[in-house]
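What follows is each chain in one-letter form.
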Amino acid sequence: MATITVSYDGVELILSDNGHTNASRSEQINWHPGSGVKSVTNVTAKSSSPVSTENFWSNPPRENGVNFRGTINGTVNGAWDYDISCNVGTNNNPVIVTKDPRIQVLS
């Protein structure tokens, strides 16, 4: 299981894996809020992603409390480019910030 901590430095989102995750087939990916991030609000494929969401994930990323969690397909090859959005404000006054990282499946 890979856990990616997403923090906010006042300007941009910072991912604990520097925005490039190397993962195995069938691995579960967890996105977890770190310093300055109230919650992860969305994880969606970029239209330019080399592999579609339907082919990349056996369980696509979904909200799990303040986290997001998904499980990679056991037969997939390639990479998934995505946008991650996080609330860096408060529940009453949300401020959404987005970043565009990549997950690469190791063969």
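The shown structure was predicted, so the numbers you read here are calculated from the model rather than taken from an experiment. (Residues numbered from 1 in each chain as written. Predicted model: local features only at pLDDT ≥ 70, side-chain atom pairs only at ≥ 80, totals over all residues. Heavy atoms only, no water.)

**Student:** Tell me about the overall build of the chain, and please be specific about residues and values.
**Tutor:** Scanning the chain from terminus to terminus reveals 1 helix and 10 strands. Helices (α) and strands (β) of the chain occur, in sequence order from the N terminus, as β-β-β-β-β-α-β-β-β-β-β. On C-alpha atoms alone, the chain measures out to a radius of gyration of 13 Å, which is about the 13 Å that the 2.2 N^0.38 rule sets for 107 residues. Each of the three principal axes of the chain carries a C-alpha extent, and together these read 40 × 25 × 25 Å. Out of the 107 residues belonging to the chain, those deemed buried represent 40%. (Helix = DSSP H or I, 4+ residues; strand = E, 2+ residues; numbered from the N terminus. Rg over C-alpha atoms; globule rule 2.2 N^0.38 Å. Buried < 20%, exposed > 50% of the residue type's maximum accessible area, 1.4 Å probe, protein only.)

**Student:** I'd love a proper account of the pattern of salt bridges, names of residues and values included.
**Tutor:** On inspection of all chains with the given rule, the structure shows 4 salt bridges. The partner of Lys 99 in a salt bridge is Glu 12, with the nearest N and O atoms 3.5 Å apart. In this pair, Lys 99 sits in strand 9 (residues 96-99) while Glu 12 sits in the loop between strand 1 (2-8) and strand 2 (13-15), placing the two residues 87 residues apart along the sequence. What makes Lys 99 partly exposed here is its relative accessible area of 25%. Glu 12 sits in the partly exposed class, given a relative accessible area of 38%. Asp 83 is the salt-bridge partner of Lys 46, the closest N and O atoms lying 3.6 Å from each other. Of the two residues, Lys 46 sits in the loop between strand 5 (39-45) and helix 1 (53-56) while Asp 83 sits in strand 8 (residues 78-87), which places them 37 residues apart along the sequence. In the salt-bridge network here, residues are joined through shared partners; they are Lys 46, Asp 83 and Asp 100. (Salt bridge = Lys/Arg side-chain N within 4 Å of Asp/Glu carboxyl O.)

**Student:** Explain the sheet that holds strand 7 (residues 67-72) to me, and be specific about the residues and the numbers.
**Tutor:** The mixed open sheet is built from 5 strands, whose spatial order is 2-1-4-7-6. Since the sheet does not close on itself, it has two edges, and those belong to strand 2 and strand 6 (57-64), each with one partner. Shown here is a sheet whose adjacent strand axes are inclined to one another by a mean of 15 degrees, direction ignored. Both strand 4 (residues 28-33) and strand 7 contribute to a ladder of 4 bridges, which runs antiparallel. Along strand 7, the bridge assignment pairs Asn 30 with Arg 69. (Pairing = 2+ DSSP bridges. Axes fitted to C-alpha atoms, helices over the stretch in contact; angles between N-to-C directions.)

**Student:** So what about unusual backbone geometry? Which residues, and what values?
**Tutor:** A positive phi angle, close to 60 degrees, is found at Asn 18, a residue other than glycine. Along the polypeptide, Asn 18 turns up in the loop between strand 2 and strand 3 (20-23). Not every positive phi belongs to a glycine, and Ser 26 is a case in point at roughly 65 degrees. In this structure, Ser 26 sits in the loop between strand 3 and strand 4.

**Student:** Can you break down the nonpolar core residue by residue, with the values?
**Tutor:** Core analysis: the biggest nonpolar cluster contains 25 residues, and Ile 29, Trp 31, Phe 56, Ile 72, Tyr 82 and Ile 103 have the highest contact counts within it. At 4 residues, strand 8 tops the list of elements feeding residues into this core. Look past the residues within four positions of Ile 103 in its chain and what remains in contact with it is Thr 21, Ala 23, Ile 29, Trp 31, Phe 56, Trp 57, Ile 72, Gly 78, Ala 79, Trp 80 and Tyr 82. (Core = buried A, V, L, I, M, F, W, Y, C linked by side-chain atoms within 4.5 Å. Contact = heavy atoms within 4.5 Å.)

That is the geometry; function is a separate question.
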